[in-house]
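Below are the chains, spelled out letter by letter.
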Amino acid sequence: MPLADIQNRIENACQKAGRSVQDVKLIAVSKVQPNERVEAVLAEGCRVFGENRVQEAQGKWPDFKAQFAGVKLHLIGPLQSNKVKPALELFDAIHTLDREKLARRIATEVQTRGACPELFIQVNTGEEPQKAGVLPADVDEFVKACRGFDLKIKGLMCIPPVTEEPSMHFALLAKMAKRNGLSGLSMGMSSDFESAIALGATHVRVGSAIFGDRVKAPE
Ligand SMILES: *Cc1c(COP(=O)(O)O)cnc(C)c1O
């Protein structure tokens, strides 16, 4: 779907919700997409992209960044503690902060770099055993711990269980963000970004609706 169509849908969703379109950032999720498709979306004017693996992003983004000014990269996949340094070199935002060890590593790295990426805490709202993220019951304490490391937290992020109505997860995430004084809500993907916007999303992560179906990466 052309980027402009997605932007129109975002605008419509904002209008319906009585929100300003400036308050919703579209992150084009380019993971596993061939470079030609990514380049086409860059040519359409998109400058905010999401990747879920540090290594994959390192392979393609330095060149694109040299070619297109103003690119911002968001890490939306799991981050290993030993990859914090390269991640902070490449990414402007991290959506998957989910444990104290990682928070501590980021804090140390931020001190030496003097700049901090935008940080979102991933919450496992569906309490799925195979999924990353802080459990809902532990969110308040984890936010406090991060602030104790002097990390500025932008907001919360979730990936609802595929088998459940996403809205209740979005509403839960919004509630947890509000009571912790956090303004950012990273929620909503290709199939549900409009309902996420209705419930307060500030960052929607849209992949296949923009790029088409993902070609499976070779193992
Ligand atoms: C892949 C991915 C997306 C995008 O998913 P689509 O359904 O293709 O829009 C969003 N968020 C995360 C965390 C992802 O891994």
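Just above, that's the structure.
The structure reproduced in this document is the subject of the present report. Position numbers for residues count from 1 along each chain, tracking the sequence in the order it is written. Local features are withheld for residues below a pLDDT of 70 in this predicted model, meaning they are given only at 70 or higher, and side-chain atom pairs are given and counted only at 80 or more; totals for whole chains, interfaces and linings count all residues. To get the side-chain values, all heavy atoms of the structure are used, and hydrogens and water are removed first.

**Let's talk about the site of the ligand**
Surrounding the ligand, one finds Val-29, Lys-31, Ile-76, Met-157, Ile-159, Met-189, Ser-190, Arg-205, Val-206, Gly-207, Ser-208 and Arg-214. Any pair of N or O atoms that falls within 3.5 Å is considered a polar contact. Within protein, one atom must be able to donate a hydrogen and the other to accept it, and sequence-neighbouring residues count only if both atoms are side-chain atoms. Separating a nitrogen atom of the ligand from a side-chain N or O atom of Arg-205 is a distance of 2.8 Å. With respect to the ligand, the backbone of Gly-207 contributes an N or O atom lying 2.7 Å from an oxygen atom. For the ligand, the protein covers 90% of the area, taking 390 Å² as the surface of the free molecule. Neighbouring residues are identified by heavy atoms, a residue being near a molecule or strand if any of them is within 4 Å of it. Here, Shrake-Rupley sampling with a 1.4 Å probe gives the accessible areas, and only protein chains in the shown set may cover a residue.

**A closer look at the side chain of Lys-31**
Each helix is a run of DSSP H or I of at least 4 residues and each strand a run of E of at least 2, with the numbering of both proceeding from the N terminus. By the element assignment, Lys-31 lies in the loop between strand S1 (25–29) and helix H2 (35–43). For every residue, the accessible area obtained with a 1.4 Å probe (protein chains only) is divided by the maximum for its type, and the residue is called buried under 20%, exposed over 50%, and partly exposed between those limits. Here the positive residues are Lys and Arg and the negative ones are Asp and Glu; neither His nor the chain ends is included. Take a side-chain nitrogen of Lys or Arg and a carboxyl oxygen of Asp or Glu: if they are within 4 Å of each other, that pair is a salt bridge. There is no salt bridge for the buried Lys-31, and the closest opposite charge comes from Glu-51, which lies 8.5 Å off by N-O distance. Whether two residues are in contact is decided by their heavy atoms: any pair within 4.5 Å suffices. Excluding its chain neighbours within four sequence positions, the residues that come into contact with Lys-31 are Gly-50, Glu-51, Asn-52, Glu-56, Lys-60 and Arg-214.

**As for the state of the cysteines**
Every disulfide links exactly two cysteines, by a covalent bond between their sulfur atoms. When the sulfur atoms of two cysteines come within 2.5 Å, that pair is taken as a disulfide. A complete count under the given rule lists 0 disulfides for this structure. The closest cysteine sulfur to the non-disulfide-bonded Cys-116 is located on Cys-146, 10 Å from its own sulfur. A residue is classified by how much of its surface remains accessible, and Cys-116, at 38% relative accessible area, is partly exposed.

**Focus: the pattern of salt bridges**
Side-chain pairs of opposite charge can arise where the charged atoms are in close proximity. Throughout the structure, instances matching the rule amount to 8 salt bridges. Of the charged contacts in the structure, one is a salt bridge between Glu-51 and Lys-60, with a shortest N-O distance of 3.0 Å. Residue Lys-60 is classed as buried on the basis of its relative accessible area of 8%. Between Asp-98 and Arg-99 there is a salt bridge, with its nearest N and O atoms 2.8 Å apart. Classification of Asp-98 by relative accessible area gives buried; the value is 17%. By sharing partners, the salt bridges in this structure join Glu-51, Glu-56 and Lys-60 into a single network.

**Description of the nonpolar core**
Counting residues in hydrophobic clusters, the biggest one holds 62 residues, and the most contacted among them are Phe-49, Trp-61, Leu-97 and Ile-121. Ignoring anything within four residues of it in the chain, the contact list for Trp-61 reads Ser-30, Val-38, Leu-42, Phe-49, Glu-51, Val-71, Leu-73 and Leu-90. Residues grouped as a nonpolar core are buried Ala, Val, Leu, Ile, Met, Phe, Trp, Tyr and Cys residues, joined through side-chain atoms within 4.5 Å.

**Observations concerning the environment of Arg-205**
Mapped onto the secondary structure, Arg-205 falls in strand S8 (residues 203–206). Note on Arg-205: relative accessible area 3%, which makes it buried. Each C-alpha atom, one on Arg-205 and one on Phe-149, is 28 Å from the other, the two residues being 56 residues apart in sequence. Ignoring any residue separated from it by four or fewer positions in sequence, one finds Arg-205 in contact with Ile-27, Val-29, Ile-76, His-95, Met-157, Cys-158, Ile-159, Ser-186, Met-187, Gly-188, Met-189 and Ser-190.

**Digging into the pairing of strand S6 (residues 153–158)**
Burial runs high along S6: 5 of the 6 residues are buried. If DSSP finds at least two bridges between two strands, the strands pair. In this structure, strand S5 (residues 118–123) lies alongside S6, joined through 5 bridges in parallel fashion. The residue of S6 that forms the bridge with Gln-122 is Met-157. Handedness of a crossover is defined as follows: with both strands directed away from the viewer, a clockwise route from the first strand across the helix to the second makes it right-handed. For the handedness criterion, the β-α-β arrangement of S5, helix H6 (residues 139–148) and S6 is classed as right-handed. Of the strand pairs in this sheet, S6 and strand S7 (residues 184–186) are connected by 3 bridges, and their pairing is parallel.

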